[in-house]
Each structure stands twice: as C-alpha cells, then as structure tokens.
Amino acid sequence: MYLGYEHSFDNGLKLKGIIDFGKPSTLDDYQYVAYIKNAFVSWTRKGFTISGGMIQTTQSALQEKIWAKRYIMMVFHDQYKFGSSADLGFSMEYKFTDWVKADFMMVNGEGYKKMQMNKGLLYGLGFTFNPLKELYFRIYADLNNSGLSGQSNIYGYSALMAYKNDKFTLSGEFNMMQNYKNVDKHNKLGCSVFGSVKAHKLIDVYARYDFITSNDKWDINNDKQLVMAGFEILPCKYVKISPNFRMEMPRNGGDNKYMAYINLMFNY
C-alpha cells in the first residue's frame, strides 16, 4: 500500500513523497513496516531535469509507464531483483530533441528499504528514443561498485522496444545482470513480453510472458517461465479490479504451478 503527495511549482520545482507499507521477508505473521519510497525535489528547465533525495530510479521508469500495472505484478527489474524502483541519490535527464533524451543516475545501490551498507555506489546511464509518439526504444547499462575487497562489481544491461497508444500496447524487453549479488560469474538474463488491448472503454485484456535463467544453472531452482493473462476493469475513476491467471514453469524439472488472483487498486 502506498500513501503519497506531490506538488509542482510554477518555476519548475516539484516535491514528491511516497510511503510504502510492506511486509519485509525478515518478519513473520502479519507485521508490516512503513518505508519512505520517495522523498525528493526535482527541477526542470529547458529540457534539463535534476532530482535529488530518495528518487525514482531510471532503470525501469519507462517500463513502469508502459506496464502501468504494478499493483498486479512488478516490472521485470523489480520482480527478479535486478534493481530497485527507488533509491537514495540523484539523477539527471536531458532532452536533446523531441525524440531523443539521455539520463544518468548515481545512487547507493541498496534500494529504498536499506541504508547504505557498502562503500560502493551504483552508476546508471540510459538513452531513450521516441521517433513516433507511440513508439519507444531504450538502452540502459549500469555499474554497481561493490566497494569491498573480494566482491565483484555488478553490471546490468537492458533494452526495451514498445508501442503504446490508447487502444493497444505491445512491449518486449531483454535484461542481463553479471555477477549477481557480487558473486563472480553468477550471471542472470531474461526477457519480458507484454501486450494489452482495450476491449471496452472500461475493460482491458492483457497478457504477459517472463523468462528468467542463470548461466551454468547456478540458480536453477529460481529459473522459470511465467505466463499471465487477465482483465483490468475500471468501474470508476479511482478503482481498478483485475482477475488474472498465472502459470509458472520451473526449469528444475518440477511441476508447473497454476494460480488465480484478484488484484485491486484504489487511487485517489
């Protein structure tokens, strides 16, 4: 659950704060903890934007916009721990033309649920191309410097191609992470494909496919394929309801898992 506030000023300044109420893996039963997910100031002028504080990371900001269904499932980066959607640091973005922009960020690399534990920082650089109003291309790479002797730096790469308009969305992305969790030669890669069609002004039909694997099968118990399909119903302006079905196909030879969910979102 999120609780937040955002305000924009006439001079290009913007303030934003969001609290995330979540259940950490270290707690049992029904204990929840409040995290500050966003608490930042940003300033925009003549195509240049700079943000500082607990910011939204640039790793998957476009993917979040395209997917637009975080209440159902997180985007690939977040879902499979390739990165965090928010972190402490600063980011810069510059719009060269109407269809080309670049972004850079320097953050602590630990995410918004942890304080800085190591000496290293995460540096990310991305380029987004928008040659047509509905068409997007993006490439991104980052370096997460471990800052500790004996631990390998983490390298991340991603590429996205998407088409999105009011009636139809189709996107595909590829992701790779080298030295996962600072372990040398423990690499992960995967892809995520998503599509949706507006069947009615109040109903979207969508489907998603994820594939995640590790080199040399070092994480075979978490390697899998995921297929999801569902409906998104908008009974009113502030409510979204999504019955959906999911099938997980593990790559370790285990049985497939079949699941049914109903996800709800209240946004005012």
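Structure's up top.
Notes on the structure in this doc start here. Values in this document were obtained by computation on a predicted structure and should not be read as measured data.

The rules we used
- Residues numbered from 1 in each chain as written.
- Predicted model: local features only at pLDDT ≥ 70, side-chain atom pairs only at ≥ 80, totals over all residues.
- Heavy atoms only, no water.
- Helix = DSSP H or I, 4+ residues; strand = E, 2+ residues; numbered from the N terminus.
- Salt bridge = Lys/Arg side-chain N within 4 Å of Asp/Glu carboxyl O.
- Buried < 20%, exposed > 50% of the residue type's maximum accessible area, 1.4 Å probe, protein only.
- Phe/Tyr/Trp six-rings, centres within 6.5 Å; stacked < 30°, edge-to-face > 60°.
- Lys NZ or Arg CZ within 6 Å of the ring centre and 35° of its normal.

Moving on to unusual backbone geometry. Phi at Lys81 takes a positive value of approximately 60°, unusual for a residue other than glycine. Its place among the elements puts Lys81 in the loop between helix H2 (76–79) and strand E5 (86–95). The phi torsion at Lys185 lies on the positive side, around 65°, for a residue other than glycine. Residue placement: Lys185 occurs in the loop between strand E10 (168–178) and strand E11 (188–200).

This part covers the pattern of salt bridges. All chains considered together, the criterion is met by 9 salt bridges. The shortest N-O distance in the salt bridge between Arg70 and Glu64 comes to 2.6 Å. The exposure class assigned to Arg70 is partly exposed, which follows from its relative accessible area of 22%. Accessibility expressed as a relative area gives 16% for Glu64, which makes it buried. Linking Asp204 and Lys198 is a salt bridge whose minimum nitrogen-to-oxygen distance equals 3.1 Å. By sharing partners, the salt bridges in this structure join Glu64, Arg70 and Asp78 into a single network.

Turning to the packing of aromatic side chains, a few remarks are in order. Per the stated rule, a full pass over the model turns up 10 aromatic pairs. Relative to Phe194, the ring of Trp67 lies with its centre 4.7 Å away and its plane at 85°, an arrangement referred to as edge-to-face. In this pair, Trp67 is assigned in helix H1 (residues 61–67) and Phe194 in strand E11, connecting sequence segments 127 residues apart. In this structure Trp67 comes out as buried when scored by relative accessible area, which is 4%. Considering the side-chain rings of Phe76 and Phe82, the 5.2 Å spacing of their centres and the 80° angle between planes classify their relative orientation as edge-to-face. Each member of the pair, Phe76 together with Phe82, is buried. Connected via pairs of aromatic rings, a cluster forms that spans Phe76, Tyr80, Phe82, Tyr180 and Trp218. Against the face of Trp67 rests Arg208, its NZ or CZ located 4.8 Å from the ring centre. Geometry around Tyr261 places Arg246 over its ring, the cationic atom sitting 3.9 Å from the centre.

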